[in-house]
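Commentary on secondary and tertiary structure
Listed below, chain by chain, are the residues.
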Amino acid sequence: MKIAIIGTGNLGKSIAKGLITSDAITHLYLTKRKTSEISDFESYNNVTITNDNAVAVQHSDILIFAVQPTHFENILKSIAHLLTEKHVLISTITGYSINKIEAVVGSDQFIIRAMPNTAIAVGKSMTCLCSNRYGAERIKIAESIFNRLGNSICIPETQMQAATVVCASGIAFWMRLIRATTQAAIQLGFDAKEAQKLAMHTSEGAANLLIATGNHPEEEIDKVTTPKGCTIEGLNEMEHNGLSSSLIQGMVTSFKKINMIKEEQI
């Protein structure tokens, strides 16, 4: 695949690294105003670094946009005349609707929105995808790209705001739970490094159990809760103090906020 990443900041770099290490490209163009900031990519074969978006567009089939939202419209306007029937446009810009993209480049383009999270840097992103009518014909291309960088799921655009909370903000929520587990482990006698290692790998193991088995979380909980045991005692204490309800309310509050931001943008 001939791919261009327009705007190679932190997210763009993570995507580039994933594409390179998974051998997903025939050629990769990386654009950034200050190319010195991505000069470490010069050592890779079939990678071209440039500050000219037009050059990248003209030599690529798949365009992944990873720019700041305030710059996106002007960039689209500057390259719209270069787009052909071969181009697939993949936007990673949060909150920038397909309708707004179509208003600049036309509704007859293959347009896809992708919402990855920061775990893309380690090939573990949960990426949500949606598209316009034409983009649906090329959605498999986006899936193949982001499945190399973790996992992907196709959803209606109306769910992208909620997906941002569950998957993108969700990274922060899970980090806080891991931090709390680390703090508890320190209180129970482990040093800080040991405590974090225990917390990180236990959470990883819990997720991998569900991924591998397809079981409901309660099925796995039942396997480690014995009558009058320490696990059920701890779980009940957490629930009495609002663990589940606090997490749910926090996510709902985050969803309300992201919708408020969207309304303000409109």
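Worth saying up front: this structure is predicted, and the values here are computed from it rather than measured.

Even without glycine at this site, N46 takes up a positive phi of about 60 degrees. With respect to the helices, strands and loops of the structure, N46 is situated in the loop between β2 (27–31) and β3 (47–50). At K228, a position not held by glycine, the phi torsion is positive, near 60 degrees. Tracing the backbone shows K228 in the loop between α8 (217–224) and α9 (230–240).

All right, on to the pairing of strand β1 (residues 2–6) then. For β1, the tally of buried residues reaches 4 of 5 residues, placing the bulk of the element in the interior. In the sheet, β1 pairs with β2 via 5 bridges, with the strands oriented parallel. Residue I3 lies in a different strand from β2, and its bridge partner there is L28. With respect to chirality, the unit in which β1 leads through helix α1 (residues 10–21) into the neighbouring parallel β2 is right-handed. Here β1 runs beside strand β4 (residues 62–65); their pairing, made up of 4 bridges, is parallel. Among the inter-strand pairings, I3 is bridged to a residue of β4, identified as I62.

Turning to the pattern of salt bridges, a few remarks are in order. If you walk through the whole model with that rule in mind, you get 7 salt bridges. With a shortest N-O distance of 4.0 Å, R138 and E137 are connected by a salt bridge. When its relative accessible area of 26% is taken as the criterion, R138 is described as partly exposed.

Cut-offs used in this document
Residues numbered from 1 in each chain as written. Predicted model: local features only at pLDDT ≥ 70, side-chain atom pairs only at ≥ 80, totals over all residues. Heavy atoms only, no water. Helix = DSSP H or I, 4+ residues; strand = E, 2+ residues; numbered from the N terminus. Buried < 20%, exposed > 50% of the residue type's maximum accessible area, 1.4 Å probe, protein only. Pairing = 2+ DSSP bridges. Right-handed = clockwise from strand over helix to strand, strands pointing away. Salt bridge = Lys/Arg side-chain N within 4 Å of Asp/Glu carboxyl O.

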